[in-house]
Protein chains: 2
Amino acid sequence: MRKPRLMAPGPAPVPEEVLLEMARPVIHSRDPRTKQAIKEAIEGLREVLKTANDVAILAATGTGAMEAAVIHAVPPGKKALVLNAGWFGLRWAKICQAHGIPFETIDVEWGQPVDPARVAEALTGRDDIAVVCGTLSETSTGTGHPIEAIGKVVAETAALFAVDGISGVGAMECRTDDWKIDLLAVGSQKALMLPPGLAFVAVSPKAWAVIDSFEPKAFYFSLKAARKKLAEWDTPYTPAHTLIFGLVKSLERIKAEGIENVWARHKTMSDACQAGVKALGLELFSARPAEGLTAFVVPQGLKDTDIRKKLDDRFGLSIVGGQDKLKGKICRIGHMGYNDEVDVVGALAALEMVLAELGHEFEPGAGVSAAQRVLIGQGSPVGAA
Amino acid sequence: MRKPRLMAPGPAPVPEEVLLEMARPVIHSRDPRTKQAIKEAIEGLREVLKTANDVAILAATGTGAMEAAVIHAVPPGKKALVLNAGWFGLRWAKICQAHGIPFETIDVEWGQPVDPARVAEALTGRDDIAVVCGTLSETSTGTGHPIEAIGKVVAETAALFAVDGISGVGAMECRTDDWKIDLLAVGSQKALMLPPGLAFVAVSPKAWAVIDSFEPKAFYFSLKAARKKLAEWDTPYTPAHTLIFGLVKSLERIKAEGIENVWARHKTMSDACQAGVKALGLELFSARPAEGLTAFVVPQGLKDTDIRKKLDDRFGLSIVGGQDKLKGKICRIGHMGYNDEVDVVGALAALEMVLAELGHEFEPGAGVSAAQRVLIGQGSPVGAA
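Residues numbered from 1 in each chain as written. Chains lettered and ligands numbered in written order. Predicted model: local features only at pLDDT ≥ 70, side-chain atom pairs only at ≥ 80, totals over all residues. Heavy atoms only, no water.

## Quick word on the UniProt feature "binding site: substrate" (unreviewed entry) in chain A
Residue and element names in this part refer to chain A.
Stage number 1. Here, UniProt's "binding site: substrate" (unreviewed entry) annotation points to Arg332.
Stage number 2. Tracing the backbone through its elements, the reader meets Arg332 in strand E14 (residues 330-334).
Stage number 3. A residue is classified by how much of its surface remains accessible, and Arg332, at 5% relative accessible area, is buried.
Stage number 4. With residues up to four places along the chain from it excluded, the contact list for Arg332 reads Met7, Pro9, Thr139, Ser140, Leu293, Thr294, Ala295, Ile319, Val320, Gly321, Gly322 and Gln323. (UniProt positions renumbered as here; feature names shortened; annotations may be inferred. Helix = DSSP H or I, 4+ residues; strand = E, 2+ residues; numbered from the N terminus. Buried < 20%, exposed > 50% of the residue type's maximum accessible area, 1.4 Å probe, protein only. Contact = heavy atoms within 4.5 Å.)

See below:
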């Protein structure tokens, strides 16, 4: 029957009531009901992001939010410092490059977290660094970076801290204000349980002071224009309002569960998935796993494309492979969005069936039962390989 | 009962089967079915836009497509020439300004069309003008500009011709290739019968030659990156794929009707709406009405907000007022998207009832019957006031 099971690290599945909300008759984008939805969306996002900051809503995907953040953060004569530990860390550098924004990188081996001490060292005596660009959850490697600790380091300087929270926000703890994140970029299609098409930037007062000190070259992504319209719960250009109506619905779900509980559930799903994968004799790729996805190394003798094709063909289970230099080397299972603990166990069950068929040797049921032990509180979460 | 009737010049109503298509379970954005949809969408758009050019799909609204067009069209040392005859013509200038792109304007009274002879004059002996930025349908005034004639003028020079087709494409004739449009910006939420969130840029070979001659400062809106991915029916960053699936459905509708018939239907709706409005003693605002909307002058002694509020409260009919300096001075009825001839007659009927209640004097039924006469081929379309 091939039931669809989307367990990618984004896009992630969307609850039925959110999909149906967006299927209602389209109303005008400047209708009072649209403004009400924008208000509710922003208030809800502030709870999810743990922030009192302004939150700009963009009709774009997450990369647009990253671009918006960095073009507003670097006044002429200043530089960005990019924490590059994967394909999406590298994206910050590519955005800078495309816009002629000078930047330096701290390069970290893919799969390893950024060491806050290296950031501290790189910032010492450097008043030309206007922004440090980091990543909450590096989707390409399945690594969670120590954003809280890096935020402490950056907060002691004049530099801003811009964080790509696209696959992290909602799937792992992220306290924007407490962790001193000045520009947080978020996308709709991950743990926020929406299709792609909306992006958000939370902007701190420290960031506004920088933004107001120069003329950022931005129109569609202008945060100043967004701030002006936020005052009346509007957007500077046509809002992608059907998605915003959906967002209000998905935020209701998150609010009902409680964001701390949502984080805890993702942590449990992550622990369970890691335990399951290891019990199948597979090696975890990341030294510090993110909580919205689990990356494992493709075992010797198997092809990632075979694993993924069989999962999709037989069970409609869509996971992803590696990107760029990790192509063919890892597989990534997403457990975010409208996926819960039972979906994680199901994915492991499907993975076992497919691995068995491909000749990988392991004790049948080992993955599922290891995950189950974590879920019922009898197994200890495993560390990295 | 207050049935919703969205007759704004965008966002416009979306067919039920398109809404339901987008409510299907979300699949992965790099699934072969997504690539197939991107392929079908681009092939369908080429038919609708009458072009063999590359068509980039952006996760953005129309303003994003305008920004993408202009930042790729002006190499260093060159200028843009903006045809400014309304709020959206002015938008080209604002985008240039925000990006530090030098520009000049041809300023035309709002409601009047741009005279191609003025464009020819402005371009004479000017090899520093890299692009002329025009508007197919100026939504703020309800004016259709003579794009074919302007295209002929621009084509004789080295300058590119960038056209904002956002509220025009699908609602009035637009032959991208024959009319020599080098960069056509389109949005999803107008005559293409989709919610906001997708934007398109059709890029001619002449435009590519300019784009390839320098390094445009673009990342999210990079047309070079888009071209690279188009070869494999993909987008450089996450596509707003649920909207693309919807687009495939709405394009099926347009294809079934035939784009020439769609244009003809909008022309008839426009003629009927104009005839109806004039028969009520109202003055048309535009000297050269666009075909996706009708703008009329708010009669002496009435308030536009009263008219619009009553239409909305009593009949769920959502039309819009004026923007910027036309605020309070005009009302605009959209007849595009999922609206047909009967909807136009219905809007006129509702308008009559509301105007009567507000004390405007006219012969009851005059608007509706004037429109009807056009629709059954017995009335001649009226000219402008």
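Next comes the rest of the description.
## Comments concerning the domain arrangement of chain A
Residue and element names in this part refer to chain A.
Stage number 1. Under the domain assignment, chain A is made up of domain 1 (5-9 + 259-375) and domain 2 (16-256).
Stage number 2. The gap between the C-alpha centroids of domain 1 and domain 2 is 28 Å.
Stage number 3. With 25 residues of domain 1 at the interface, the matching set in domain 2 holds 31 residues.
Stage number 4. Summing both partners gives a buried area of about 2400 Å² for domain 1 against domain 2, and 60% of it is carried by carbon and sulfur. (Domains from an automatic or database assignment. Buried area = accessible area lost by both parts, 1.4 Å probe.)

## Overview of the relation of the copies chain A and chain B
Stage number 1. Once chain A has been moved 0.0 Å along the axis and rotated by 180°, it coincides with chain B to within an RMSD of 0.0 Å. Within this description, the copies of the chain are treated as partners about a two-fold rotation axis. Considering only C-alpha atoms, the residue of chain A closest to the rotation axis is Ala60(A), which sits at 2.5 Å. (Least-squares fit on C-alpha atoms with pLDDT ≥ 70 in both.)

## Observations concerning unusual backbone geometry
Residues and elements named next belong to chain A.
Stage number 1. The step from Gly10 to Pro11 runs through a cis peptide bond, and the omega angle for that step is -10°.
Stage number 2. Here Pro11 shows up in the loop between strand E1 (5-6) and helix H1 (16-22).
Stage number 3. Backbone geometry at Trp233 places phi at a positive 50°, although glycine is not the residue there.
Stage number 4. Here Trp233 shows up in the loop between helix H8 (223-230) and helix H9 (241-257).
Stage number 5. You can call Trp233 partly exposed: its relative accessible area is 24%.

## Focus on the sheet that holds strand E10 (residues 198-203) of chain A
All names here are of chain A.
Stage number 1. Pairing is mixed in the open sheet, where 7 strands are placed in the order E2-E10-E9-E8-E5-E3-E4. Whereas interior strands pair on both sides, the edge strands pair on one side only; in this sheet they are strand E2 (54-59) and strand E4 (103-107). Recorded for the sheet is a direction-independent mean angle of 20° between the axes of neighbouring strands.
Stage number 2. The strands touched by helix H6 (residues 147-155) are strand E3 (79-84), strand E5 (129-135) and strand E8 (160-164); relative to E8, the strand with the most contacts, the crossing angle is about 160°. (Pairing = 2+ DSSP bridges. Axes fitted to C-alpha atoms, helices over the stretch in contact; angles between N-to-C directions.)

## Brief notes about the pairing of strand E5 (residues 129-135) of chain B
Residue and element names in this part refer to chain B.
Stage number 1. Within E5, 7 of the 7 residues are buried, leaving the element largely enclosed by the surrounding structure.
Stage number 2. Sheet analysis places strand E3 (residues 79-84) next to E5, joined by 4 bridges and oriented parallel. Bridge pairing in E5 links Val82 to Cys133.
Stage number 3. Note that E5 and strand E8 (residues 160-164) share 5 bridges and pair parallel. Bridging across to E8, Val132 finds its partner in Phe161.

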